[in-house]
Every structure is written in C-alpha cells, then in structure tokens.
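Chains, contacts and geometry: an overview
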Amino acid sequence: MSPKGKQQPRRKAPISLISLGLMAVVLITMIILVSVPRSNLVKNSPVVAIVDSQGNVPNLSLHHTLDAAGYNVAYIRYGDELPLGRYVIVVGIGDEALAVVNEYKNYESVDGFVLICPALNEDYMEGISSEAPDCDIAIFAGRNDVQNVSEMDAPRVIYERMSGDDTLFGTPVKRGGLFSSKVYFNNAQNRMLSLSCFRINDPQKLLFSPLFQNELAGYLSVTYIDDNVKDISFGSINAWFVFCWLSFALAVISILLYLSNMGLSVTGNDPKKAPISKWVFGLIGGISIAVTIGIIATSFDSKLAGAMPLIQVLLPEIFMLCLFIINFSWITTKDGKFVPSKKTQIPALFLASVTGLYALLMTLLVGDIKVYAIRDAGIASGILTLLFIVDAMFATGLIYASRKSSVAGQGAKNMFGNRLILGLMFIPCVVALLYGLIPGNTATFYAGLSGLAALGLPYLAVIPLVRHTDRSLIPGVLHGFVFMLVLAAVL
C-alpha cells in the first residue's frame, strides 16, 4: 500500500519475457509431441506392416494414430519376411500395391490387406476375388466422380473386380463429417472401397492427411475388433494433431513478440533499393523462363516429369549462385565496410537457435527427414551436408553484400534486399503450381509445391534476423539449415 492508502498498479510483464516464456512452452510441447508416438508401443498389439514405401511418409503422426487404434507400425520392403506379431495387416502403396496381396496372402499371420491408391495390373489381379484371399481387403483412394465406365480410375475397377459390386450405379455410404468419404462395401462385408472427398492420386500425399489417418484407424478398429488389445481413442488422435498446429501458430507468435522488442537494422531494412542490373534480369529471368518451358514439356515426357521435383528444389541454389557471382565484387570490396554492433550478436544467436529448433521439430512432426531419392544413407547425408554448406555460404555472402551496399548509400541489393528479384525466382514454382491444377498433372503441382518450400521457407526463417540485426553469418547458417531440412523432407 502507498502512503495514501492506495494500491500501486501492478507492473505488466515485458513483452520479451512473455515471448521467452511462450517459446519455452512451445518447445516443450513440440518435444512431447515428438516423443509420444514411440512411447506407447505394446508388444502384444497387432502390427500394420507398410510394404516398400517409395516416398516420404509421416512417421510420427502415423505411429501415433495407429497406436491410438491399438496397432504397432513396421516398414518392410517387398519380399521381406513379415514382422512378428499375433496378427499382421499388410499395407500396399501405389503401383505395386496389388503385388503385396499375392506376395503375402498365404501367410497364416496375415489378417487382412489395405491398398492405398493401387494401380491396375492384370498379372496381380489373377486369383483375387470376393472369396480369395479369405481375408478382408480395403482400398483407399482419392475422389473419382464418374458418369460412365471409361472414366473409372484403377481403384474403382480393382474393387469391382474383387467384390463383384457395381460402383457406378451403387449407393455409397458417407463416412466422416464435413469432408466425408464415399465408401462401398460388398455383401460379404470383406471388401471395401473408400474414395476421399479430395482428388488425390499420390498415396504418399494421402498418408499425410489427418482425415485419412482417422479413417484408417477407424476401419482397422472396427474390422479387426477381436484382435485389438485396446479400444481406439479418437480423442487422442485428434488432440495430437490439434496440439501440433496450435504449437506451430504459437511458435510464429512467440517469434513476432520477441521481434517486437527489437529495433530495425539500418543495413537490413533499407527503404532504398539498388537498381537491378541487366545481368540479374538476364540470368534470373532467363533461367526462370527456361524452367517454365520445361514444366510444360514434362507433360509429354515421363522422364522429365520424374526429374522435375529435383530441379525445383535445387533451383534456388542455381539462382543464389548467379546472384553470388554478380554480387561478388560487393562481397570483397572495401566500399561500404561496416562493423556489426556487438549488441545484436546474442539476440541474433538466440533467435536463430530457437527458429532452427522450431524448424527441426516441425519437420519431424509433419514430415519425414529420411531421403528416399538416394538409397544409401551415407551418400544422402553427405550430399545434404554439402548443400547445407553451399547454401549457407551463398546466403551469408548475399546478405553481407546487401548490407554493404546499404552502408555505401547505394540501396539494398539481391534477394535479401529487393523483393522484385525474389519474385523473379518464384516464377517457376508458381507456374508449376498453376499448371499442376490441370487434371492429370498432379506430379507437376507437387513439384511446384516442393520448389515453393525450398525457396520460401528458408527466406521466411531468416528475414527477421536480416531486418532486426546487423549479422550476416548467423542468418546465413540458419538459411542453410532450413534449406537442408526442406530437402530431406521433400526428396
């Protein structure tokens, strides 16, 4: 109490302390979410064996979802022995999904099959009907609205042939809420077809959907209810996803709160923009146009289509190499030389560390950092490390060149100081996204999405450090680290 008997107003907690507390809560939450899926494995549970997955799969979320349904998860290659367990449900993915049925149908431990976006192969269809094999088979695929038989996708055709049902005139059951799937069952209740409300032809992309994971868990818990060692917990499944996305949102808010207590850097937030040279327009614009033409050409050449995702994710490095060469004189010249303020070193290190941890944990939660494009893990790790070093060097040099140009009074330069240059770099991935919306070009769409992530996510991660500190090396290393995570998650 004050001398006059009045209570003094309480001091409000400074924004910096609030942001630090929020960062601690978010990091602890993410670490718990990463740890939970592998902490509840039960040896006596039935096993879901995913065979020969050729692309990235959401390991953590899939483990958690199936664990909540009472199942352990195992990944095997085609032809390998099935994992030990009381009962095994075998999951086939993509083009070779039907082959999985023929490979494992005679195993006594196999209780059923799940086929995700299977392709039709007449050799594998031989011997499969509503009675053989004598176990349940479920097919999950993307939406396929048809008016006649010629428009039917492979999953519909496969289901009709193995069940004897007519899906064209049959009445499906809707399962789910707002984004419900169309589900068909045969009379014997041992064959099922579920078509998502979204048009997804890539099985890996379907696996990433929380809606699909919920539906798969529900199907397994109902179909194999006698095998389960525990009841399914949809609350646990949904809570995990909710806390994931909530932690992502709070992570962004915590960084913004921390930045609100920092001043802007003169060298990182220069309103004056350096003129764009003809070399920048020629190289960046020319490469963008060439890749854009290549995107269209992928529609006519399957080999180019397979290489397009790799081209898209490596394209930012080609752009940065060009800019690094063009800006090399600014990196080495004594003009505009400046000494970074010591006051910004610790905040920059702290913010870069927190941002890097956020990026790592988010990637683990929603993706898979195992590189599938390169079979040898050692070679894959070496390539990722090399690209990390190269990207960090390019980013550091470009940030430094832009700062020196600003100090010299000539304005901010390159992609870290002029958004027009960054816009030129986005042209190929944006064109791929738009062109991929044409039916039948979903691979192009996902290639564009990968390129967008490889270019945009590292930039978004470091631009707060560029604008609020005088440092170049710290944001440069962070740029390389986030780029490496994107590559590991995409390839």
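Refer to the structure presented above.
Quick look at the structure, then. (Residues numbered from 1 in each chain as written. Predicted model: local features only at pLDDT ≥ 70, side-chain atom pairs only at ≥ 80, totals over all residues. Heavy atoms only, no water.)

1. A short note on a nonpolar patch on the surface
Basically, it comes down to this: Each patch is built from salt-bridge-free residues with over 30% relative accessible area, joining like charges within 9 Å and nonpolar side chains (Val, Leu, Ile, Met, Phe, Trp, Tyr) within 5 Å. Residue burial considers only the protein chains on display, and all accessible areas are found by Shrake-Rupley using a 1.4 Å probe. By definition here, a salt bridge exists when the distance from a side-chain nitrogen of Lys or Arg to a carboxyl oxygen of Asp or Glu is within 4 Å. Starting at the N terminus, helices and strands are each numbered in turn, a helix being any DSSP run of H or I of at least four residues and a strand any DSSP run of E of at least two.
Side chains of Val-430, Leu-434, Leu-437, Leu-449 and Leu-452 sit close together on the surface and give an oily, nonpolar patch of about 430 Å² of accessible area. Within the residue set of the nonpolar patch, elements represented by two or more residues are α15 (419–435) and α16 (442–468). For Leu-452, the location among the structural elements is in helix α16.

2. Structural notes on the packing of aromatic side chains
Two aromatic rings are characterised by how far apart their centres lie and by the angle between their planes. Quick reminder of the rule: The aromatic pairing rule takes the rings of Phe, Tyr and Trp, using the six-membered ring of Trp, and pairs them if the centres are within 6.5 Å, calling planes under 30 degrees apart stacked, those over 60 edge-to-face and the rest tilted.
By the definition in use, this model includes 12 aromatic pairs. Members of the aromatic cluster, joined through ring pairs, are Phe-140, Phe-212, Tyr-219 and Tyr-224.

3. Remarks on the pairing of strand β7 (residues 181–185)
The side chains of a regular strand alternate, first on one face of the sheet and then on the other. This is how the line gets drawn: A strand pair is defined by DSSP finding two or more bridges across the two strands.
For strand β6 (residues 173–175) and β7, the ladder comprises 3 bridges, and the chain directions are antiparallel. If you follow Lys-174 over to β7, its bridge partner there is Lys-182. As defined by bridge partners, β7 adjoins strand β8 (residues 191–195) across 4 bridges and the pair is classed as antiparallel. In the sheet register, Phe-185 faces β8, and the bridge partner there is Met-192. As consecutive antiparallel partners, β7 and β8 are separated by 5 residues, and within that stretch Gln-189 has a phi angle of approximately 60°, a positive value.

4. Here we look at the packing of helix α7 (residues 210–223) against helix α8 (residues 234–260)
Applied cut-off: Throughout, an axis means a line fitted to C-alpha atoms (over the contacting stretch in the case of helices), and angles, computed between N-to-C directions, take values from 0 to 180 degrees. Here the word oblique covers every angle except those under 35 degrees (roughly parallel), over 145 (roughly antiparallel) and from 65 to 115 (roughly perpendicular). Whether a crossing is left-handed or right-handed is set by the direction in which the near helix is turned from the far one by less than a right angle, anticlockwise for left-handed and clockwise for right-handed. Whether two residues are in contact is decided by their heavy atoms, any of which lying within 4.5 Å being enough. Classification used: nonpolar for Ala, Val, Leu, Ile, Met, Phe, Trp, Tyr, Cys and Pro, charged for Asp, Glu, Lys and Arg, polar for all others including Gly.
Where α7 contacts α8, the two axes come as close as 11 Å, and the packing angle between them is 165°. By the criterion of interaxial angle, the relationship of α7 to α8 is roughly antiparallel. Crossing geometry of α7 relative to α8 is assigned as right-handed. Residues Pro-210, Gln-213, Asn-214, Ala-217 and Gly-218 of α7 lie in contact with α8, whose contacting residues are Phe-234, Ile-237, Asn-238 and Phe-241. Taken together, the residues of the contact of α7 with α8 break down into 5 nonpolar, 4 polar and no charged.

5. Considerations on the sheet that holds strand β5 (residues 136–141)
A sheet is described by the order of its strands in space; here 8 strands give the open sequence β2-β1-β3-β4-β5-β8-β7-β6, paired in mixed fashion. Lying at the two open borders of the sheet, with one neighbouring strand each, are β2 (72–76) and β6. With direction set aside, neighbouring strand axes in the sheet form an average angle of 25°. The pairing of strand β4 (residues 110–116) with β5 spans 5 bridges and is classified as parallel. Bridging from a neighbouring strand, Phe-113 pairs with Ile-137 of β5. Strands in contact with helix α2 (residues 59–68) are β1 (47–51) and β2; relative to β2, the strand with the most contacts, it is inclined by about 135°. On top of the sheet, helix α3 (residues 97–104) reaches β1, β2, β3 (88–93), β4 and β5; it is set at about 165° to β4, its chief contact.

6. Re the packing of helix α9 (residues 278–297) against α15
Put simply, α9 and α15 touch, their axes get as near as 9 Å, and they point 5° apart. Here α9 is positioned roughly parallel relative to α15, judged by the angle of their axes. Contacts from Val-280, Phe-281, Ile-284, Ser-288, Val-291, Thr-292, Ile-295 and Ile-296 in α9 reach Leu-420, Ile-421, Leu-424, Met-425, Ile-427, Pro-428, Val-431, Ala-432 and Tyr-435 in α15. When grouped by side-chain class, the residues that make up the contact of α9 with α15 number 15 nonpolar, 2 polar and no charged.

7. A short note on the environment of Phe-319
The cut-off we apply is this: For every residue, the accessible area obtained with a 1.4 Å probe (protein chains only) is divided by the maximum for its type, and the residue is called buried under 20%, exposed over 50%, and partly exposed between those limits.
Position of Phe-319 relative to the elements: it lies in helix α10 (residues 302–326). Judged by relative accessible area, Phe-319 falls into the buried class, the value being 1%. Residues in contact with Phe-319, not counting those within four places in the same chain, are Ile-284, Ile-287, Ser-288, Met-425 and Pro-428.

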